[in-house]
Amino acid sequence: MRSFMEKVFSADDLNRGIFSARSADTNPPYFAVLGKPISHSQSPLMQNAALEEIAKSDVRYKGSRYFAFEVSPEGLSDSLDKFWNKNFAGINLTIPHKEIAAKLLSDMEDGARLARACNTLLRTSDGWKGFNTDGFGLEEAVRSSLGRDFKGSDVVVIGAGGAARGAAFHIASCGCKSLLIANRTQERLDRLVSDLKNSGFECYAASLADCGKLVPENSIVVNATSVGLRDSDSAVLDFSVLPKSTVFFDMPYRKGCETVSVLSARAAGILACSGLPMLAWQGAKSLSIWTGKPMLGELMLKTLNES
Ligand code: ATR
């Protein structure tokens, strides 16, 4: 039998008496990640390891659990009401819910509002409040794994989808020296660049084909596309044209092996890292928002690396 932690639940399971009703005083709080597909998610593994650690020094979290729920985009709004009536204190959202949730919520912190995407919901007395911890996760991953800060750096973001939007707004908010965005499809690229400019951030656009030649010395290049998730993918860029002083962060990650872009960057002599540390640090920030406890990013990353 699969363990409770590995099981994928549906919103209908919330009606079946498996999860206790809201009662903040008596029951340990639940947490959940909602997405579709969701069975691949590593979040329950790392979040439950961190909850067990927290429970060692705070009995309120003894028995707290983090679950994976498969929820369709059409079902998100109703599901959030159901979670509200149960003892869930926090929710993570992944594909395809981040941008949908930003349209549903009235209460969002600035980062989520700017990116128009939420990956973290906190229960408040008035309802769910939206946060976006992806940008923080990226920043902390680049700092801890590549030794670099966005502040004062020339940064290149590849991609213009939901993940790239969150990354670009966060990087711009960090006070980077310059921001170049490149994407395969021009229309989406133009929309992101104009949204950044309308929010007061200076940035430049380039086609995916041209951007390699435009990367300045000592840049941080971030791949925020989905290129690298599939076996058949090739590297997102021709790394041989980039300055050797570039560092490369690949948001995709693969269980048990490096992504094709990271391998290709390293072969060109470029320091490179794939997305697992970002997963750990965005999750650590979410749990800290829900519990008020210090972040346990290193424990979460160790749990992921050892799984
Ligand atoms: P997410 O929410 O994960 O960002 P998304 O919104 O579907 O997902 O965005 C996917 C990103 O990956 C986009 O920037 C997409 O480029 P297009 O706007 O041109 O579609 C990019 N992408 C996906 N497959 C790609 C490929 N084979 N080559 C280049 N870019 C690709």
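Here is what the cut-offs are and how they apply
Residues numbered from 1 in each chain as written. Predicted model: local features only at pLDDT ≥ 70, side-chain atom pairs only at ≥ 80, totals over all residues. Heavy atoms only, no water. Pairing = 2+ DSSP bridges. Helix = DSSP H or I, 4+ residues; strand = E, 2+ residues; numbered from the N terminus. Axes fitted to C-alpha atoms, helices over the stretch in contact; angles between N-to-C directions. Contact = heavy atoms within 4.5 Å. Domains from an automatic or database assignment. Buried area = accessible area lost by both parts, 1.4 Å probe. Salt bridge = Lys/Arg side-chain N within 4 Å of Asp/Glu carboxyl O. Polar contact = N/O pair within 3.5 Å; in protein donor to acceptor, adjacent residues only side chain to side chain. Nonpolar A, V, L, I, M, F, W, Y, C, P; charged D, E, K, R; others polar. Parallel < 35°, antiparallel > 145°, perpendicular 65-115°, else oblique. Left-handed = near helix turned anticlockwise from the far one by under 90°.

> Break down the sheet that holds strand 12 (residues 271–274) for me, with residues and values.
Read across the sheet, six strands follow the order 9-8-7-10-11-12 without closing on themselves; strand pairing throughout is parallel. In this open sheet, the two edge strands, each paired with only one partner strand, are strand 9 (204–207) and strand 12. The sheet shows a mean angle of 20° between the axes of neighbouring strands, direction not considered. Bridge analysis of strand 11 (residues 247–250) against strand 12 gives four bridges, and the strand direction is parallel. Across the sheet, D250 pairs through a bridge with S274, a residue of strand 12. Strands in contact with helix 7 (residues 186–198) are strand 8 (178–183) and strand 9; relative to strand 8, the strand with the most contacts, it is inclined by about 155°. Of the strands in this sheet, strand 11 and strand 12 touch helix 9 (residues 260–267), which is tilted by about 170° from strand 12.

> Describe the domain arrangement of the protein chain, listing the residues and the values that go with them.
Interfaces are frequently sized by the accessible area removed from exposure as the parts join. On domain assignment, one finds that the protein chain holds domain 1 (2–132) and domain 2 (135–277). Summing both sides of the interface, domain 1 and domain 2 together bury roughly 660 Å²; the carbon and sulfur share of this comes to 53%. Per-residue buried area on domain 1 facing domain 2 is highest for Q42, L114 and A115; these three make up 61% of the total on that side. The partner of R116 in a salt bridge is D195, with the nearest N and O atoms 3.7 Å apart. Our enumeration of links across domain 1 and domain 2 arrives at zero residue pairs in polar contact (both at pLDDT 80 or more). Class assignment of the residues belonging to the side of domain 1 that touches domain 2 gives a composition of two nonpolar, two polar and two charged.

> Can you explain the packing of helix 1 (residues 43–55) against helix 11 (residues 297–306)? Please cite residues and give values.
It is at 9 Å that the axes of helix 1 and helix 11 come closest, and there the two elements cross at 130°. Looking at the two axes, helix 1 sits oblique to helix 11. By crossing handedness, the relation of helix 1 to helix 11 is classed as right-handed. In contact with L45, M46, Q47, A49, A50 and E53 of helix 1, helix 11 contributes L299, M300, T303 and L304. Among the residues forming the contact of helix 1 with helix 11, the class breakdown is seven nonpolar, two polar and one charged.

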